[in-house]
Amino acid sequence: MMSRALHTRSSLFMALRTLSKQNTQQAKCMHSDSGDPRFYSLLRQGNAMLLDEQRRSGILSHKITVNGVRIHFETTGDGPHNILLLPGALGSSRTDFSKQLSDLNKRDYTLIAFDPRGYGKSIPPKRTWPLEFLQRDADDANSLCMKLGLKTVSVMGWSDGGITGMILAARNPDLVKNLIIWGANAYVTENDMKLFYSMRDINSWSEAMRSPFMALYGEEYFRQQWSNWVDAYQAYYDKRSGDICKDDLKHIKAKTLIIHGIKDPLVPLEHPDYLHHNIKGSRLYMLPEGKHNLHIRYYREFNFLVENFLRSASKPASHL
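Brief notes about the pattern of salt bridges
- All chains considered together, the criterion is met by 13 salt bridges.
- Among the salt bridges present, the one from Arg-117 reaches Asp-140, with a minimum N-O distance of 2.7 Å. With a gap of 23 residues between them, Arg-117 in the loop between strand S5 (109-115) and helix H5 (133-147) and Asp-140 in helix H5 connect regions that are remote in the sequence. For the pair shown, Arg-117 and Asp-140 are each scored as buried.
- For Arg-210, the salt bridge is made with Glu-207, and the minimal N-O distance between the two is 2.9 Å.

Okay, structure coming up:
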């Protein structure tokens, strides 16, 4: 019996070593097309056999088939609390969440950051833009959680990822227990569309804004897909009267934290105000110097807010 146990332990350890060497800052890639529901649990069993420093610092890269599409996602940490991270427009796990993947508490949390179809390393396929493209992203995120056997998650969503997170939480209340969103909106206005059109030509962007996308996609794909993104929002405005997910808000049961940068040039204050008034029991935190990328620029304060919120959300409600 002891020999069999040692053999099993050795096999798992050796398998995982192919995924995470001692210097695991360099992500490795794992593929699974089997649909085996044990995939994620076996990965975590093997991960548990590594030294604390190895399993907490390593970021593992995976691809798995979800809704007929190869989806890339990354995992790090070995805590019992699963957090799903949803990126912004044309974003990816690494471009959008590097400071969360590296700095959030990995003893308490396991982070799962995914690239929506057509973004980041979830290419192919090329990104397509049906009318309800954010609803499709939410469905993919839910299917990914189901395929990984995740019963409950907290969701962190930035910008478009925040919208995806709200849709996901509204339509899957048993899955999403906590929701943290920033730079998000439930509708678009005429003024929003004017702003988006002013940004349509990527040549008008600063080098700092443009360079991460150019490095990830190359100029041709980035230029075309950003233009397609503007058109997709125009379709929400024209065909749905600007409504992206307003009706979903009343169905959100998750404990919700809305973070907003007062100096955000892309999302006017009316949007977080609307979310706060229409998501029952939500909290709104205003970051005075924050802009749209506040979780990158002020990542220490942002990460502290997230961890503090999740700790408080896990406590039983007071009846005093």
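Still more to cover.
Considerations on the nonpolar core
- Judged by nonpolar contacts, the single largest core of 60 residues is most densely connected at Met-166, Trp-226, Trp-229 and Tyr-233.
- By residue number, the principal contributor to this core is helix H9 (residues 219-239), which donates eight residues.
- Core analysis: the second largest hydrophobic core is formed by 22 residues, Ile-59, Leu-104, Met-156 and Leu-294 among them.

Details of the packing of helix H8 (residues 207-217) against H9
- Here H8 crosses H9 at 115°, and the two axes come no closer than 7 Å. The two elements H8 and H9 cross, and the hand of that crossing is right-handed. Residues Arg-210, Phe-213, Met-214 and Tyr-217 of H8 lie in contact with H9, whose contacting residues are Glu-219, Tyr-221 and Phe-222.
- Looking at the contact of H8 with H9 residue by residue, the classes come out as five nonpolar, no polar and two charged.

Considerations on the packing of aromatic side chains
- On inspection of all chains with the given rule, the structure shows 17 aromatic pairs.
- Relative to Trp-182, the ring of Phe-97 has its centre 6.4 Å away and its plane inclined at 75°; by these criteria the two rings are edge-to-face. Of this pair, Phe-97 sits in helix H4 (residues 93-103) while Trp-182 sits in strand S7 (residues 176-182), and the two are 85 residues apart along the sequence.
- Residue Trp-182 is classed as buried on the basis of its relative accessible area, which comes to 0%.
- Three or more aromatic residues joined by ring pairs make a cluster, and in this case those are Tyr-119, Trp-129, Phe-133, Phe-196, Trp-205, Phe-213, Phe-222, Trp-226, Trp-229, Tyr-233 and Tyr-236.
- Above the plane of the ring of Tyr-299 lies Lys-99, whose end atom (NZ or CZ) is 4.7 Å from the centre.

Points about the environment of His-271
- Secondary-structure assignment places His-271 in helix H10 (residues 270-278).
- Overall, the relative accessible area of 2% leaves His-271 in the buried class.
- In this structure, the C-alpha to C-alpha distance between His-271 and Tyr-187, residues 84 residues apart in sequence, is 8.0 Å.

Here's the deal with the packing of H5 against helix H6 (residues 160-171)
- Running from amino to carboxyl end, H5 crosses H6 at an angle of 65°, the nearest separation of the two axes being 8 Å. Where H5 crosses over H6, the handedness of that crossing is right-handed. On H6, the residues touching Phe-133, Leu-134, Gln-135, Asp-137, Ala-138, Ala-141 and Asn-142 of H5 are Asp-160, Ile-163, Thr-164, Ile-167, Leu-168 and Arg-171.
- Tallied by class, the residues present in the contact of H5 with H6 amount to seven nonpolar, three polar and three charged.

Definitions and cut-offs
Residues numbered from 1 in each chain as written. Predicted model: local features only at pLDDT ≥ 70, side-chain atom pairs only at ≥ 80, totals over all residues. Heavy atoms only, no water. Salt bridge = Lys/Arg side-chain N within 4 Å of Asp/Glu carboxyl O. Helix = DSSP H or I, 4+ residues; strand = E, 2+ residues; numbered from the N terminus. Buried < 20%, exposed > 50% of the residue type's maximum accessible area, 1.4 Å probe, protein only. Core = buried A, V, L, I, M, F, W, Y, C linked by side-chain atoms within 4.5 Å. Axes fitted to C-alpha atoms, helices over the stretch in contact; angles between N-to-C directions. Left-handed = near helix turned anticlockwise from the far one by under 90°. Contact = heavy atoms within 4.5 Å. Nonpolar A, V, L, I, M, F, W, Y, C, P; charged D, E, K, R; others polar. Phe/Tyr/Trp six-rings, centres within 6.5 Å; stacked < 30°, edge-to-face > 60°. Lys NZ or Arg CZ within 6 Å of the ring centre and 35° of its normal.

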